[in-house]
Amino acid sequence: MRETEMHDDTTTTTTTGGCAAGCASRRAVLAGVAGAAALLAGCQTYGENTAAEPLPTEPVPGTTGPAPGTTGPGAAPGTTGPGPAPGTTGPGATAAAPPKAKPLVEAGKVPVGGGVVLEAERLVVTQPQQGVFKAFSAVCTHQGCIVTSVADGVIECGCHGSRFRAADGSVAGGPANRPLREIAVKSDATGVFRA
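Residues numbered from 1 in each chain as written. Predicted model: local features only at pLDDT ≥ 70, side-chain atom pairs only at ≥ 80, totals over all residues. Heavy atoms only, no water.

A. Fine view of the environment of S170. Tracing the chain through its elements places S170 in the loop between β10 (163-165) and β11 (171-173). For S170, a relative accessible area of 19% gives the class buried. Expressed as a C-alpha distance, the spacing of S170 and L180, which sit 10 residues apart in the sequence, is 6.5 Å. With residues near it in sequence (within four places) discarded, S170 still touches R163, F164, R165 and P179. A polar contact is formed between the side chain of S170 and the side chain of D168, at a distance of 2.7 Å. (Helix = DSSP H or I, 4+ residues; strand = E, 2+ residues; numbered from the N terminus. Buried < 20%, exposed > 50% of the residue type's maximum accessible area, 1.4 Å probe, protein only. Contact = heavy atoms within 4.5 Å. Polar contact = N/O pair within 3.5 Å; in protein donor to acceptor, adjacent residues only side chain to side chain.)

Spelled out as structure tokens, the structure:
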């Protein structure tokens, strides 16, 4: 015969010989449910509070700590340090000068009224007037040959006889019917450079 007794904190099912295997108290079941709820609540909030903690900074490879001016009190807005490294900006700053570009050609090698064909660069550099340097594509607009010479204010193509003015690259004689493309250059006492 089977009997069920209800008490305020337990439910017991008994058979004639006592509690059957697998009996459980209501307290034990409720404690298990409460523990599972607490576990789930902990999982839901894991990682939500990480914004309040600052992230560690990693040093740049090859250094032993943060770069100067990136951490500490008094940092400029948007940074976390006292400001830029000493000597890099502001009054008294010393910055390394960028390396000077290599000139296309030395200024003294470009004759006035003539020019120089730079085959490797596919450029022609002219000096139509003293101190005025111009550069053009050395590719002839007729059939793509490289121009061969510059003399008396004229750039000549040896392939088919096309001629171009050294001052502006315009056509001075066919068969080419389009000017040479101008290339921006600048010059100083040492040479002519790409602009």
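Moving on, there is more to tell.
B. Expanded view of the sheet that holds strand β12 (residues 182-183). The strand order across the open sheet built from four strands is β5-β6-β7-β12, with neighbouring strands paired in antiparallel fashion. The open sheet has two edge strands, β5 (115-118) and β12, and neither has a second partner. Bridge count for strand β7 (residues 132-137) against β12 is two bridges, and the pairing is antiparallel. Each bridged residue has a counterpart across the sheet, and for F136 the counterpart in β12 is E182. (Pairing = 2+ DSSP bridges.)

C. Summary view of the state of the cysteines. Using the criterion set out here, one finds one disulfide in the structure. Linked covalently through their sulfurs, C145 and C159 form a disulfide whose S-S length is 2.1 Å. Handedness here is read from the sign of the S-S torsion; for C145 and C159, about -105°, the answer is left-handed. With C145 in the loop between β7 and β8 (149-151) and C159 in the loop between β9 (154-156) and β10, this residue pair connects regions lying 14 residues apart in the sequence. In this structure C140 is a free cysteine whose sulfur lies 3.9 Å from that of C157, the closest cysteine sulfur available. With a relative accessible area of 4%, C140 lands in the buried category. (Disulfide = S-S within 2.5 Å.)

D. Structural view of the sheet that holds β9. Sheet architecture is open: four strands sit in the order β8-β9-β10-β11, paired in antiparallel fashion. In the strand order of this sheet, the two ends are held by β8 and β11, each with one partner. Along the sheet, successive strands turn relative to each other by an average axial angle of 30°, direction set aside. The pairing of β9 with β10 spans three bridges and is classified as antiparallel. Within the sheet, the bridge partner assigned to V154 lies in β10 and is R165. (Axes fitted to C-alpha atoms, helices over the stretch in contact; angles between N-to-C directions.)

E. Spotlight on the side chain of T141. With respect to the element layout, T141 can be found in the loop between β7 and β8. Among the polar contacts listed, one links the side chain of T141 to the backbone oxygen of R178, at a separation of 2.5 Å. Among all residues touching T141, those that are not within four sequence positions of it are F164, A176, R178, P179 and L180.

F. Structural context of the pairing of strand β14 (residues 191-194). Pairing between strand β4 (residues 105-106) and β14: two bridges, direction antiparallel. Along β14, the bridge assignment pairs E106 with G191. As judged from the three bridges shared by strand β13 (residues 185-187) and β14, these two strands associate in the antiparallel manner. Residue pairing for β14: S187 is matched across the bridge by V192. What sits between β13 and β14 in their antiparallel hairpin is a turn of three residues.

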